[in-house]
Amino acid sequence: MKNIQSILCLVLFSGCFLVTSNALAQYEKDPKKAQLAYIDGDYEGSNKDIDKVIEKSIKKIGENNKFIPIALIRQAIIQSALGILVDVIPLTEEAVAKSEDINGADSP
């Protein structure tokens, strides 16, 4: 009986892990699309894709998730490529603050 409980627990844990990893993989696809648009010189399209990443990840995962700081840094890079330098520092500061909230202030 104890073996059955252990196996059942392992199966449930594995299932939860697979669902979580599939959900995260979905959000990793959109930043790649934004990166490709940036490489092609489509900065506006890349910026829109990053906005979608932020909206989707906040809606599905919550406000504090690992995608937000990365997306904010990418937005800062895109803004500098567009020549909108006023937005670069606030976006970078927001990304650092979000990262500290998520990972802790002492994280590397």
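In short, a report on the structure. Remember, it's a predicted structure, so these values are computed and weren't measured experimentally.

Calculation rules
Residues numbered from 1 in each chain as written. Predicted model: local features only at pLDDT ≥ 70, side-chain atom pairs only at ≥ 80, totals over all residues. Heavy atoms only, no water. Axes fitted to C-alpha atoms, helices over the stretch in contact; angles between N-to-C directions. Helix = DSSP H or I, 4+ residues; strand = E, 2+ residues; numbered from the N terminus. Parallel < 35°, antiparallel > 145°, perpendicular 65-115°, else oblique. Left-handed = near helix turned anticlockwise from the far one by under 90°. Contact = heavy atoms within 4.5 Å. Nonpolar A, V, L, I, M, F, W, Y, C, P; charged D, E, K, R; others polar. Expected span 1.5 Å × (residues − 1). Buried < 20%, exposed > 50% of the residue type's maximum accessible area, 1.4 Å probe, protein only. Phe/Tyr/Trp six-rings, centres within 6.5 Å; stacked < 30°, edge-to-face > 60°. Salt bridge = Lys/Arg side-chain N within 4 Å of Asp/Glu carboxyl O.

Let us now look at the packing of helix H2 (residues 43-60) against helix H3 (residues 67-82). Contact geometry of H2 with H3 gives a least axis separation of 10 Å together with a crossing angle of 160 degrees. Taken together, the axis directions place H2 and H3 in an arrangement best described as roughly antiparallel. In the crossing of H2 with H3, the sense of the turn from one axis to the other is left-handed. Contact residues: H2 offers Tyr43, Glu44, Ser46, Asn47, Ile50, Asp51, Ile54, Ser57 and Ile58, while H3 offers Phe67, Ile68, Ala71, Leu72, Arg74, Gln75, Ile78, Gln79, Ala81 and Leu82. In terms of residue class, the contact of H2 with H3 is built from 11 nonpolar, five polar and three charged.

Compared with the 22 Å implied by 1.5 Å per residue over 16 residues, the 22 Å span of H3 between its first and last C-alpha is a close match. All of the buried residues in H3 are Phe67, Ile68, Pro69, Ala71, Leu72, Gln75, Ala76, Ile78 and Gln79. Count one or two residues on from H3 and you reach Gly83, which has phi positive near 85 degrees.

Moving on, we get to the packing of aromatic side chains. Evaluated as defined, the whole model comprises one aromatic pair. Ring centres of Tyr38 and Tyr43 lie 5.1 Å apart, and the angle between their planes is 55 degrees; on these two criteria the pair is classed as tilted. The exposure class of Tyr38 is partly exposed, given its relative accessible area of 25%.

Right, let's talk about H2 for a bit. In this model H2 runs 26 Å from its N-terminal to its C-terminal C-alpha over 18 residues, within 8% of the 26 Å that 1.5 Å per residue would give. Along H2, the residues that are buried comprise Gly45, Ser46, Asn47, Asp49, Ile50, Val53, Ile54 and Ser57.

On to the pattern of salt bridges. Counted according to the given criterion, the structure contains one salt bridge. With its nearest N and O atoms 2.8 Å apart, the salt bridge here joins Glu63 to Lys98. A residue pair is termed long-range when its members are at least 10 positions apart, and Glu63 in the loop between H2 and H3 and Lys98 in helix H4 (residues 88-103) qualify at 35 residues.

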